[in-house]
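Tertiary structure, described
Next come the chains, spelled out residue by residue.
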2 protein chains.
Amino acid sequence: MSKISEKFKQSIASIPTIKRLPSYLNLVKRVDEDGKTIISATTIAKELDLEPIQVRKDLAVTGITGKPRIGYQVTELIKSIESFLNWDTAHKTVIVGAGNLGSALMNYRELRNHGLCIAAIVDANPSKIGTEKKGHIIQDVQNIPQIVKDTGASMAIVTVPPEQAQVVTDLLNQTDIRSIWNFTNVKLKVMDHILVLDEDLSSGFAVLSMHMPFYRESIK
Amino acid sequence: MSKISEKFKQSIASIPTIKRLPSYLNLVKRVDEDGKTIISATTIAKELDLEPIQVRKDLAVTGITGKPRIGYQVTELIKSIESFLNWDTAHKTVIVGAGNLGSALMNYRELRNHGLCIAAIVDANPSKIGTEKKGHIIQDVQNIPQIVKDTGASMAIVTVPPEQAQVVTDLLNQTDIRSIWNFTNVKLKVMDHILVLDEDLSSGFAVLSMHMPFYRESIK
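Presented here is an overview of the structure given in this document. (Residues numbered from 1 in each chain as written. Chains lettered and ligands numbered in written order. Predicted model: local features only at pLDDT ≥ 70, side-chain atom pairs only at ≥ 80, totals over all residues. Heavy atoms only, no water.)

Turning to the sheet that holds strand S4 (residues 116-123) of chain B, a few remarks are in order. All names here are of chain B. The parallel open sheet is built from six strands, whose spatial order is S7-S4-S3-S8-S9-S10. Pairing within the sheet leaves two strands with one partner each, and these edge strands are strand S7 (139-140) and strand S10 (195-198). Where strand S3 (residues 91-96) meets strand S8 (residues 155-158), four bridges bridge the pair, whose relative direction is parallel. Counterpart to Thr93 in the pairing with S8 is Met155. (Pairing = 2+ DSSP bridges. Helix = DSSP H or I, 4+ residues; strand = E, 2+ residues; numbered from the N terminus.)

The following block contains the structure:
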């Protein structure tokens, strides 16, 4: 898995494990809303179609251990996952690219609920620079180094056209930014201290596209 | 996992399994580009931080079986996953909501590569209706039933504001649409023949937010 997971192997949890944690959290929150106080690894495994051993391993990274034959305390499990993901603190973020996707992500409620906090919005288009969006004046992409310094932002979301992706990354490389959420399909070259996560919406599309013929057949 | 996976349990693969398949595909394509012709379940498991038994189970749904002590043929595995996900055919899709997110998804190259094909774009905003976007005239959301009939679209992507989500779903409920990709945070009420997939970008955000303090500590 290239550079990303190599970095992460030094850490306590792998990227695939971390990526699974939100689905555990969603499930456990639903169980909590239903008024249940205990959930077993077996139940979680069944709901998410994983092996129970996988569930126990994944959840163990958050520091929680279930009680044998009983399971996990629901409220404790929620707190444990949220705390592990740092979803209980604010993450100052620079949105790089004030186009459709950048604008959409600013409005994405789930991300705001998990701590995404817009520190600045930048763009390369002179007709956009100086205009307002979501209470922020769009700033010149060239000012990224100063903006990151001034705001103390730790995260950047890159939603620029492919040909600009490495250009803005070179600017981010000059900063103390810790991670880049990359929505372009370009493999970004970053300094060693920066983690890049390449977003891919293909997982969701897979469910829908796979689903087609099955339903066609079952209905007709 | 509510209605969605209940429906799917009648099928041959669960939603979580299907969602994992694109990451297998990405990995195997990378291995293919590196010139390797064989990959073992153990190697895949290691790269994706899964248990080998999970990998074998997941890949088995596509109809492929690895050879004991050897593994999977790389080209055969790619073909098997792509064919299972129907990523080798076109999926006519109605984009419901011509706002930022809808526009961003139309441009998303990965989805186009996997067969996403825009059949129509609809919106409720009178100032948008009749204007052009990506070679399509934006149509009135009220015309959804006729549009789906005329185009034979099988998929809808819903990117409207929360308060409009169920309104447009009620229109989609009158059609033969097979699945809805829901980018709103509203639980949509659909007819039994429609599958809803709720998209959630929180998985990616989890990796970034979790990553913060680890790096902070390791750098300073």
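There is more to say, and it comes next.
Here we take up the interface of chain A and chain B. A common way to report how large an interface is uses the accessible area buried once the components associate. Contacts between chain A and chain B engage 75 residues on the former and 76 residues on the latter. Buried area between chain A and chain B, both sides added, is near 7200 Å², and the carbon and sulfur share of it is 64%. Taken as a group, Leu201, Phe205 and Met210 of chain A account for 11% of the area that chain A buries against chain B, more than any other trio of residues on that side. For the interface between chain A and chain B, the tally reads two salt bridges. With a closest N to O distance of 2.8 Å, Lys57 of chain A and Glu51 of chain B form a salt bridge. The interface formed by chain A and chain B holds 20 residue pairs in polar contact (both at pLDDT 80 or more) in total. Broken down by element, the residue count for the side of chain A that touches chain B peaks at 16 residues, all from helix H10 (residues 202-219) of chain A. Taken together, the residues that form the side of chain A that touches chain B break down as 37 nonpolar, 23 polar and 15 charged. (Contact = heavy atoms within 4.5 Å. Buried area = accessible area lost by both parts, 1.4 Å probe. Salt bridge = Lys/Arg side-chain N within 4 Å of Asp/Glu carboxyl O. Polar contact = N/O pair within 3.5 Å; in protein donor to acceptor, adjacent residues only side chain to side chain. Nonpolar A, V, L, I, M, F, W, Y, C, P; charged D, E, K, R; others polar.)

Our focus in this paragraph is the relation of the copies chain A and chain B. Once turned by 180 degrees and shifted 0.0 Å along the axis, chain A lies on chain B with an RMSD of 0.0 Å. Both copies are brought into coincidence by an operation consistent with a two-fold rotation axis. In terms of C-alpha distance to the rotation axis, chain A has Asn100 of chain A as its closest residue, with the C-alpha 2.1 Å off the axis. Both copies share a contact surface, since 100% of the interface residues of chain A are interface residues in chain B too. (Least-squares fit on C-alpha atoms with pLDDT ≥ 70 in both.)

The biggest cluster of nonpolar side chains holds 102 residues, and the ones touching the most others in it are Ile44 and Leu59 of chain A together with Ile44 and Leu59 of chain B. Excluding residues within four positions of it along the chain, Ile44 of chain A makes contact with Tyr24, Leu27, Ile39, Val55, Leu59, Tyr72 and Leu77 of chain A. (Core = buried A, V, L, I, M, F, W, Y, C linked by side-chain atoms within 4.5 Å. Buried < 20%, exposed > 50% of the residue type's maximum accessible area, 1.4 Å probe, protein only.)

Before going further, it helps to spend a moment on the packing of aromatic side chains. Taken as a whole, this structure holds six aromatic pairs over all chains when the rule is applied. Seen in terms of ring centroids, Trp181 of chain A and Phe183 of chain A are 5.0 Å apart; in terms of plane orientation they differ by 50 degrees. Their pairing is tilted. Taken as a pair, Trp181 of chain A and Phe183 of chain A share a single burial class, namely buried. Site record: aromatic cluster; members linked through ring pairs are Trp87, Trp181 and Phe183 of chain A together with Phe205 of chain B. (Phe/Tyr/Trp six-rings, centres within 6.5 Å; stacked < 30°, edge-to-face > 60°.)

This part covers the pattern of salt bridges. Using the criterion set out here, one finds eight salt bridges over all chains in the structure. Among the ionic pairs, Asp123 of chain A bridges to Lys128 of chain A, the shortest N-O distance being 3.9 Å. According to the relative accessible area criterion, Lys128 of chain A is partly exposed, its value standing at 27%. The closest approach of N and O atoms between Arg20 of chain B and Asp58 of chain B, which form a salt bridge, is 2.7 Å. Separated by 38 residues along the polypeptide, Arg20 of chain B in helix H2 (residues 15-33) and Asp58 of chain B in helix H4 (residues 52-60) bring together distant segments of the chain. Across the pair, exposure class does not vary: Arg20 of chain B and Asp58 of chain B are buried alike.

Moving on: H4 of chain B. Residues of H4 of chain B that are buried include every one of Gln54, Val55, Asp58 and Leu59 of chain B, and no others. The buried residues of H4 of chain B all sit within an arc of 120 degrees when viewed along its axis, so they share a single face. (Arc of directions from axis to C-beta.)

Further remarks concern the environment of Ala153 of chain A. Residues and elements named next belong to chain A. Along the chain, Ala153 turns up in the loop between helix H8 (144-151) and strand S8 (155-158). For Ala153, a relative accessible area of 5% gives the class buried. Separated by 66 residues in the primary sequence, Ala153 and Trp87 place their C-alpha atoms 16 Å from one another. Apart from residues lying up to four places away in sequence, Ala153 is in contact with Lys92, Thr93, Val94, Ala119, Val148 and Ile177.

On to the pairing of S3 of chain B. Residue and element names in this part refer to chain B. Burial analysis of S3 places five of its six residues in the buried class, the great majority of the element. Inspection of the sheet shows S3 paired to S4 by six bridges, in the parallel sense. Looking across to S4, one finds that Lys92 is bridged to Cys117.

Residue and element names in this part refer to chain B. Along S8, one buried face is formed by Met155 and Ile157 and the opposite face, lined by Ala156 and Val158, is buried too. Two strands pair when backbone bridges link them, and S8 and strand S9 (residues 179-182) are joined in this way by four bridges, in the parallel orientation. Along S9, the bridge assignment pairs Ala156 with Ile180. Viewed along the sheet, the connection from S8 through helix H9 (residues 162-172) into S9 turns out right-handed. (Right-handed = clockwise from strand over helix to strand, strands pointing away.)

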